[in-house]
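# Structural characterization, general
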Amino acid sequence: MQEYEVVVIGGGSAGLAAALSAYENGLNKILIIEKNSSLGGILNQCIHTGFGIHVFNEQLSGPEYAQRFIDKLDNTSIEIKLNSYVTKIDKDKTIYYSNDAEGFQVIKAKSIIMATGCIERTPGAIKLEGERLSGILTAGLAQRYLNIEGYLVGKKVFILGSGDIGLIMARRMTLEGAKVLGVAEIMPYSNGLRRNIAQCLEDFNIPLYLSHTVKEVKGKDHVEQVVICQVDENKNYILGSEKTFDVDTLILSVGLLPYNNVLEDLGVQMSSTKGAVVDENYQTSIEGIFACGNALHVHDLVDYVTKEAMQAGLGASRYVKGLLKHGKYIETKNKNGINYVVPQKFCLQNIDKEIMFKFRVTKPFQNVKILIQDGDRTIKSIKKMFLLPSEMENISLNLSELKDCKSLSIEIMED
Amino acid sequence: MKNLTCIECPRGCNLTIDDNLKVTGNFCIRGQKYALDEISNPKRVVTSTIKIKSLEVVRLPVKTSMPISKKLMFTILKYLDNIQIEAPIKCGDVIIKNICDSGANLIATRTILK
Ligand SMILES: Cc1cc2nc3c(=O)[nH]c(=O)nc-3n(C[C@H](O)[C@H](O)[C@H](O)COP(=O)(O)OP(=O)(O)OC[C@H]3O[C@@H](n4cnc5c(N)ncnc54)[C@H](O)[C@@H]3O)c2cc1C
């Protein structure tokens, strides 16, 4: 049986960076398994610019960002298997995959990095009244049709959900000649980056209806009208506030979920993010199995995906070389106002200089402090003018700040 | 006085520009330039795709090499409808020089070898 030092599952931005980092840290037998016919993952359909400002100090498009990493593979011994789908992995790191050329294959790995990305929440996953009509699809799918296949899915469009993909698609479809009549968001605030509200909606005078949702979709076979309605704090309809739009397409941008079938089947400990519970090297509860990128928690910026994946690649290389220490884990706790923190635990002996904690807040905050504490001792307190659930926050702590640390919690202090 | 959201990076600073063209609320120098451009001649990078003859894909993603006047956005997109090229293309290749007299080149943003 073929045996690799690291097998990376998924060839998106996370998988590419993880594999390159494992290689740069001294491993040679590395394989990337990717189900699509090309590397790059979701970046291939994100043709807008806005990627890489932190890693390259440039505003690249998604494919350009991916290309920088794909080009780097040329001078390495990293092997690639495209059009190959991993169906199962075992605790002893046996990997089962299949493709048209080789059929069903079984290989072994010393370590595995899961970088399988995320999936979109679908009409089935959210409640929508009305008939099951054609003309309702997710924003990512609409993006794929337009940017990869060159096919515009509708001419008169309404968008449910203000996630970034929905906003990006509002602009993209408008530029290609569609009329986008509006975006409805059930929360009283937008779920997309502020700059996307500005450059995707305001630039084209597309209205954003906050605290609104789609109440009904009408049509025979195909979408003909959507009815939106305002909601109160408990998300109940405020009757009488309905507005009707004549459209041929309803696009859903209602959230992303880490995609982890394979990990879940394996019995890895999972967290509230729907990703695995990981430590400072992004190692899961099964030794030698790592997770990073959108498969671990949904990121809004690719730059942080790359950094996270590089750490996972470094972790895997240390695991293979037997360099990871088995110290005591300190848990990270999310308290008031914090939705989750990644990593969920860390071992001080395995941290070189510093460790980055990533988290999201539960709701928008203004003029607050982020408090990081070890019991009663304040390790760090950071003032923030704005905090939004749609923007992932990160804070790095160095080893001296963590000296003698027994526990770690992150919370929001309001005045 | 005008309030703007800076689009130069994901931070999205809330900018204010007053009648004497003084910019406040910007975290870095990019915000200053953005606000000044925004009230005189707003500019955007245009991204789209064009037809490509290739064994791998049917569309090639492209962008303008720099932000172009917002007024030209739709003109450029219309123009792209009738452009077709052939693989191989390298990421960064110039497809059209000074597209629609915008001052920017149209460049490929993906490498398509076959
Ligand atoms: C539509 C959209 C717009 C975005 N816009 C921006 C932006 O403007 N700026 C920015 O910085 N960031 C943006 N992001 C965020 C960022 O680009 C992504 O979070 C990041 O690229 C995700 O990388 P990934 O490798 O984790 O996942 P993906 O790119 O999804 O890669 C996962 C890969 O795993 C493969 N795979 C999955 N399961 C298997 C299996 N079982 N076997 C084999 N292969 C498998 C998939 O085919 C896929 O190629 C955007 C994200 C999305 C979705």
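Another point: the packing of aromatic side chains. All names here are of chain A. Enumeration according to the criterion identifies 10 aromatic pairs over all chains in this entry. Ring centres 4.8 Å apart and planes at 35° place the aromatic pair Phe 158 and Phe 245 in the tilted group. Highlighted residues: Phe 158 in strand 11 (residues 156–160) and Phe 245 in strand 16 (residues 243–246), separated in sequence by 87 residues. Taking relative accessible area as the criterion, Phe 158 reaches 0% and is therefore assigned buried. Judged by relative accessible area, Phe 245 falls into the buried class, the value being 11%. Of the aromatic side chains, those joined through ring pairs into one cluster are Phe 56, Tyr 65 and Phe 69. Lying across the ring of Phe 386, Arg 194 places its NZ or CZ 5.2 Å from the centre. Above the plane of the ring of Tyr 329 lies Lys 345, whose end atom (NZ or CZ) is 4.5 Å from the centre.

Residue and element names in this part refer to chain A. Burial runs high along strand 1 (residues 3–9): 6 of the 7 residues are buried. In the sheet, strand 1 pairs with strand 8 (residues 103–114) via 6 bridges, with the strands oriented parallel. Residue pairing for strand 8: Tyr 4 is matched across the bridge by Ala 109. Two strands pair when backbone bridges link them, and strand 1 and strand 2 (residues 30–33) are joined in this way by 4 bridges, in the parallel orientation. Directly across from Val 6, in strand 2, lies its bridge partner Ile 30.

Residue and element names in this part refer to chain A. Between helix 3 (residues 139–149) and helix 4 (residues 164–175), whose axes approach to 9 Å, the crossing angle comes to 35°. For the pair helix 3 and helix 4, the sense of crossing is left-handed. Contacts from Ala 139, Gly 140, Ala 142, Gln 143, Leu 146 and Asn 147 in helix 3 reach Ile 165, Gly 166, Ile 168, Met 169, Arg 172 and Met 173 in helix 4. When its residues are assigned to classes, the contact of helix 3 with helix 4 shows 7 nonpolar, 4 polar and 1 charged.

Rules used in this analysis
- Residue numbers restart at each chain and count upward from 1, following the sequence in its written direction.
- Chain labels run from A onward and ligand labels from 1 onward, assigned in the order the entries are written.
- pLDDT decides what is reported in this predicted model: residues at 70 or higher carry local features, side-chain atom pairs at 80 or more are listed and counted, and totals for whole chains, interfaces and linings draw on all residues regardless.
- As a rule here, side-chain values come from all non-hydrogen atoms in the structure, and water together with hydrogens is ignored.
- Pairing of aromatic side chains here covers Phe, Tyr and the six-membered ring of Trp, requires ring centres within 6.5 Å, and sorts the geometry by plane angle: under 30 degrees stacked, over 60 edge-to-face, intermediate tilted.
- A helix here means a DSSP run of H or I that spans at least four residues, while a strand means a run of E at least two residues long, and both kinds are numbered starting from the N terminus.
- Only protein chains enter the area calculation, which uses a 1.4 Å probe; residues under 20% of their type maximum are buried, those over 50% are exposed, and those in between are partly exposed.
- Two conditions define a charge sitting above a ring: the NZ of Lys or the CZ of Arg must be within 6 Å of the ring centre, and it must be within 35 degrees of the ring normal.
- Between any two strands, at least two bridges found by DSSP are needed for them to pair.
- Helix axes are fitted to C-alpha atoms over the stretch in contact, other axes to C-alpha atoms as well, and angles between N-to-C directions run from 0 to 180 degrees.
- Note on convention: the crossing is left-handed when the near helix lies turned anticlockwise from the far helix by less than a right angle, right-handed when the turn is clockwise.
- Should any heavy atoms of two residues lie within 4.5 Å, those residues are considered in contact.
- Any residue outside Ala, Val, Leu, Ile, Met, Phe, Trp, Tyr, Cys, Pro, Asp, Glu, Lys and Arg is labelled polar, Gly included; the first ten of those are nonpolar and the last four are charged.

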